There are 2 protein chains.
Amino acid sequence: MARKKSLTEGIDVAQQILAAAAPLFYERGYDAASIRELALEVGITSSTLYHHFANKQEILYAVIGTFMRDFNATVIPILRDGRRPPVDRLTDVVRLHLTMSDERRSFLLNANQFRASLNPTQLRHILDLSWEYHDAVKALLSEGNAAGVFSIDDADMTTMALLDMLNGVREWFNHAGYLSISDVAERYTQIVRRMVSAGRT
Amino acid sequence: MARKKSLTEGIDVAQQILAAAAPLFYERGYDAASIRELALEVGITSSTLYHHFANKQEILYAVIGTFMRDFNATVIPILRDGRRPPVDRLTDVVRLHLTMSDERRSFLLNANQFRASLNPTQLRHILDLSWEYHDAVKALLSEGNAAGVFSIDDADMTTMALLDMLNGVREWFNHAGYLSISDVAERYTQIVRRMVSAGRT
């Protein structure tokens, strides 16, 4: 029992570290943020923190990896759900991409800077997670095209164009503006339907 | 005669400074690049350089502004040329956007960092130039929609989506890859035709 409790607590502490690290990194900047500050934020000592992560870079890698694995775990099963019409799966994922990115907006706006702080092996694993998502979108576009419900010329380029336009939203979206993020998502699902020639809802 | 010659030389030197500044800023980074280095590159003294630009920030502002004014001067007359079919104007601009951005790729990849180095007044002027382009694209989409040759739901959002997908290309395009930038442009014109429901070529 004692062992089990300690393991559970260990997981909780690691999660608390990651939860505190994300806002610390984007508010203070990754380079300026210190392990000492992060430990203080979580209410543990630096040496307890080092028990969970070898260094600051490992924490950054875990934060990015956790977000991307959660994202993929949500959207990939939807993209691959062969029981549903391709257009429904695609529009659900457009909506999820925009709303989930909006929740992590401050962090994602610094994504390029964060990626540049990873080591090559970490970066490769993170890029693999991006490609997993890209490939699942592309497979759905090809599937819809083959089934005659989409009409596209190049699944690879259409996937790049689609993901770039979705990722672009966080750069200009303004929570104080006249559209909510779900208004934008609604309009973007229509644009994407046109991109794949799936007709309007 | 002497006066005229000196004026012409003045313009040439200013242009040489700007031409040398762009690669220096992206290769060394804006913060690390020095006026001394830049003057050396052009083959003039620092004091001659200061005769043309008050400081490094003014040079950066001039480099960005010159690129954007050149870009707008090329694409906006095409977008507004009412004698040509909207779809031809739109696809020409998609192609130009991609090829002109590719020529300035190294500089544009650091655009966010460069913009963050401008003062608020300079930044406002640069953003005004972006909006001028945005508004001309949006006006063309609305014009095509009203004429029944395009079919879009929201000209503003479609413009944002279109520009984000075009600007995204420079982040992943690889000159060593299997597609040239004009191959990508060819595929993107088809994607854009679908986005505005203009049919294929």
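Preceding this section is the structure that the text describes.
On a predicted model such as this, the values are computed, not experimentally measured, just so you know.

1. Things to note about the relation of the copies chain B and chain A
- Aligned on chain A, chain B shows an RMSD of 0.0 Å; the corresponding rotation is 180 degrees and the shift along the axis is 0.0 Å. Such a combination of turn and shift is consistent with a two-fold rotation axis.

2. Considering the packing of aromatic side chains
Residue and element names in this part refer to chain B.
- Counting across every chain of the model gives twelve aromatic pairs over all chains.
- Centroid distance phenylalanine 67 to phenylalanine 71: 6.4 Å. Interplanar angle 45 degrees. Geometry classified as tilted. Linking phenylalanine 67 with phenylalanine 71, this pair stays in helix α4 (residues 56–79), spanning four residues, or about one helical turn.
- What makes phenylalanine 67 buried here is its relative accessible area of 10%.
- Under the relative-accessibility criterion, phenylalanine 71 is labelled buried at 8%.

3. Points about the nonpolar core
- Within the largest apolar cluster, 74 residues are counted, with the highest numbers of intra-cluster contacts made by A:Met165, A:Tyr188, B:Met165 and B:Tyr188.
- With residues up to four places along the chain from it excluded, the contact list for A:Tyr188 reads A:Val94, A:Leu98, A:Met165, A:Leu166, A:Val169, A:Trp172, B:Met157, B:Met160 and B:Ala161.

4. Thoughts on helix α10 (residues 181–195) of chain A
- The terminal C-alpha atoms of α10(A), which comprises 15 residues, lie 20 Å apart, in line with the 21 Å expected from a rise of 1.5 Å per residue.
- The buried fraction of α10(A) is high, at eleven of 15 residues.
- Tucked inside the fold, the buried residues of α10(A) contact α5 (86–103) and α9 (155–172) of chain A together with α9 (155–172) and α10 (181–195) of chain B.
- Residue A:Ser197 follows α10(A) closely and has a positive phi angle near 55 degrees.

5. Brief notes about the environment of B:Leu127
- With respect to the helices and strands, the residue B:Leu127 is situated in helix α8 (residues 120–146).
- Spatially, the C-alpha atoms of B:Leu127 and B:Arg115 are 9.5 Å apart, while their sequence positions differ by twelve residues.

6. Some points on the interface of chain B and chain A
- Counting residues at the interface gives 27 residues for chain B, matched by 27 residues for chain A.
- Interface area lost by chain B to chain A is led by B:Asp153, B:Met157 and B:Arg194, which between them contribute 30%.
- Counting every contact that joins chain B to chain A gives four salt bridges.
- Inspection of the chain B/chain A interface yields twelve residue pairs in polar contact (both at pLDDT 80 or more).
- Elements with a minimum of two residues in the side of chain B that touches chain A: α9 and α10 of chain B.
- Sort the elements by how many residues they give to the side of chain B that touches chain A and α9(B) lands first, with eleven residues.

How each quantity is defined
Residues numbered from 1 in each chain as written. Chains lettered and ligands numbered in written order. Predicted model: local features only at pLDDT ≥ 70, side-chain atom pairs only at ≥ 80, totals over all residues. Heavy atoms only, no water. Least-squares fit on C-alpha atoms with pLDDT ≥ 70 in both. Phe/Tyr/Trp six-rings, centres within 6.5 Å; stacked < 30°, edge-to-face > 60°. Helix = DSSP H or I, 4+ residues; strand = E, 2+ residues; numbered from the N terminus. Buried < 20%, exposed > 50% of the residue type's maximum accessible area, 1.4 Å probe, protein only. Core = buried A, V, L, I, M, F, W, Y, C linked by side-chain atoms within 4.5 Å. Contact = heavy atoms within 4.5 Å. Expected span 1.5 Å × (residues − 1). Buried area = accessible area lost by both parts, 1.4 Å probe. Salt bridge = Lys/Arg side-chain N within 4 Å of Asp/Glu carboxyl O. Polar contact = N/O pair within 3.5 Å; in protein donor to acceptor, adjacent residues only side chain to side chain.

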